[in-house]
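Analysis of the macromolecular model
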Amino acid sequence: MTFEEVTLDTHVYGGEALGRLADGRAVFVPYALPGEMARIRLTDDKPRYARGKLIEIVTPSPERIAPRCPHFTQCGGCHYQHIPYETQLQIKTDVLRDQLERIGKLNNPPVRPIVPSQPWNYRNHVQFHITPEGELGYQAGGSNTTLPIRECHLPTEAINQVWPLLDMEAIPSLERVSLRGGMNDDLMLILESNEPEPVELEIDLPLSVAYLGPGGALVLAGDDHVIIEIQQRLFRVSAGSFFQVNTPMAEQMVAHVLENLPLTPQTTLVDAYCGVGLFSAFLAPHVGRLISIEDSPDACEDFEVNLDEFDHVELYEAPVEDVLPTLDAHPQIIVVDPPRSGLARPALDAILSLGPDVLAYISCDPATLARDGKRLSNGGYQLQQITPFDLFPQTYHIESISFWTAAK
Ligand SMILES: C[S@@+](CC[C@H](N)C(=O)[O-])C[C@H]1O[C@@H](n2cnc3c(N)ncnc32)[C@H](O)[C@@H]1O
């Protein structure tokens, strides 16, 4: 085993701090802070870089604070509990800028001030793995081992009151268990397994229960969805559908998109990766034609209910990369909100050939955003502004909304 002492210089995307080994190689160390000297054990020793496990902080940073949770550094869910919230916000702003400059090759990107969240108890959805003993836990980063947990400070209070009461010992075939919260603290328990037959479960709690197996979702108790309220609009969200996990921040993102897009009754707008219709529902009243694209059947079913009142909305249930290249429309605006992998190449090429005046890019991964941003700027688009939204406090994840315009 090799131990080293390193001084850390800066934060990088992924939650680690970057320093230099004595031989000059970059070394990445989680849970350390710039300015700290740390004793580390090398866990990944490559010719050009290395990764280290933090063994001991030799010289702590004056910024370091005590983490709130006893599982911090073990469970893999949080990366920043040792950092004051204001500093977390600054780190995310700096990391976003750095990714855009280094990967995106964008010069002095116009990064606006980050929009902060409530730092704790913000998640309306939490997913647990199950230990062989039937306890709920999280999978430590980069491992298949499930660490049983006694507390977690990220879910809402309503979720936190219920999950410690769940006992999954009787259902060994379960892969995962999630709890999703809706309006009025309604909760849905989602049991996930690869077994085609639904599990049997008796739960004496006021919950809806859904079984998500290879054949789709089955309701075992209560409703097949929760209702989530955003800006006085109600969204039906089923067990298998995506929804933003931080409800108050989703409200702010919707407001930001509405404020910054040049919407008119003549506008044709494409909302790609539309989910259950969060952005579509607020955009629809302001445009002449809305084309929404989503490949999850569950989300599409929810979308149809959520946007039932609009006659000028078309929903394609298919991959964005299949729909956009053959789309018979001339959208002035395209909104994209892809998963972490970003835009598939055919989707990005199709956006360039559709040539909207404005592209709004909602991203949950600055690295893939920067990769796509480089392709967009090579294709004639210019980044007008980008705002980070802190949807995931205590973690390294960075959400952002950027607006790109076609160069005249
Ligand atoms: C980050 S979520 C955004 C959803 C929605 N915009 C919202 O804010 O609630 C990404 C969505 O894209 C869908 N999706 C993922 N890959 C897709 C693809 N290749 N084509 C179409 N939809 C896809 C997922 O099912 C999910 O609903």
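Residues numbered from 1 in each chain as written. Predicted model: local features only at pLDDT ≥ 70, side-chain atom pairs only at ≥ 80, totals over all residues. Heavy atoms only, no water.

**Overview of the domain arrangement of the chain**
- According to the domain assignment, the chain contains domain 1 (3-64), domain 2 (90-118 + 246-406) and domain 3 (125-227).
- In this structure, domain 2 and domain 3 have C-alpha centres spaced 30 Å apart. (Domains from an automatic or database assignment.)

**Some remarks on helix α7 (residues 345-354)**
- The complete set of buried residues in α7 reads A347, L348, A350, I351 and L354. Buried positions in α7, seen along its axis, are confined to an arc of 160° and lie on one side of it.
- In the core, the buried residues of α7 are packed alongside α6 (320-323), β18 (333-336), β19 (358-363) and α8 (366-378). (Buried < 20%, exposed > 50% of the residue type's maximum accessible area, 1.4 Å probe, protein only. Helix = DSSP H or I, 4+ residues; strand = E, 2+ residues; numbered from the N terminus. Arc of directions from axis to C-beta. Contact = heavy atoms within 4.5 Å.)

**A closer look at the packing of aromatic side chains**
- Counted by the stated rule, this structure contains seven aromatic pairs.
- Their ring planes at 90° and their centres at 5.5 Å tell us that Y13 and Y396 sit as a pair that is edge-to-face. In this pair, Y13 is assigned in the loop between β1 (3-11) and β2 (16-20) and Y396 in the loop between β20 (381-389) and β21 (399-406), connecting sequence segments 383 residues apart. Y396 carries the same exposure label as Y13, and that label is buried. (Phe/Tyr/Trp six-rings, centres within 6.5 Å; stacked < 30°, edge-to-face > 60°.)

**Observations concerning the side chain of R180**
- Structurally, the position occupied by R180 is in strand β9 (residues 174-181).
- Although R180 is buried, it forms no salt bridge, and the closest oppositely charged side chain is D302 at an N-O distance of 6.6 Å.
- A distance of 2.7 Å separates a polar side-chain atom of R180 from the backbone oxygen of S241. (Lys, Arg positive; Asp, Glu negative; His and termini not counted. Salt bridge = Lys/Arg side-chain N within 4 Å of Asp/Glu carboxyl O. Polar contact = N/O pair within 3.5 Å; in protein donor to acceptor, adjacent residues only side chain to side chain.)

**Focus: unusual backbone geometry**
- Unusually for a residue other than glycine, T73 sits at a positive phi of about 80°.
- Assignment of secondary structure puts T73 in the loop between β5 (49-59) and α1 (85-102).
- Positioned with a positive phi, N121 is a non-glycine residue whose angle comes to about 55°.
- By the element assignment, N121 lies in the loop between α1 and β6 (125-130).
- A relative accessible area of 17% places N121 in the buried class.

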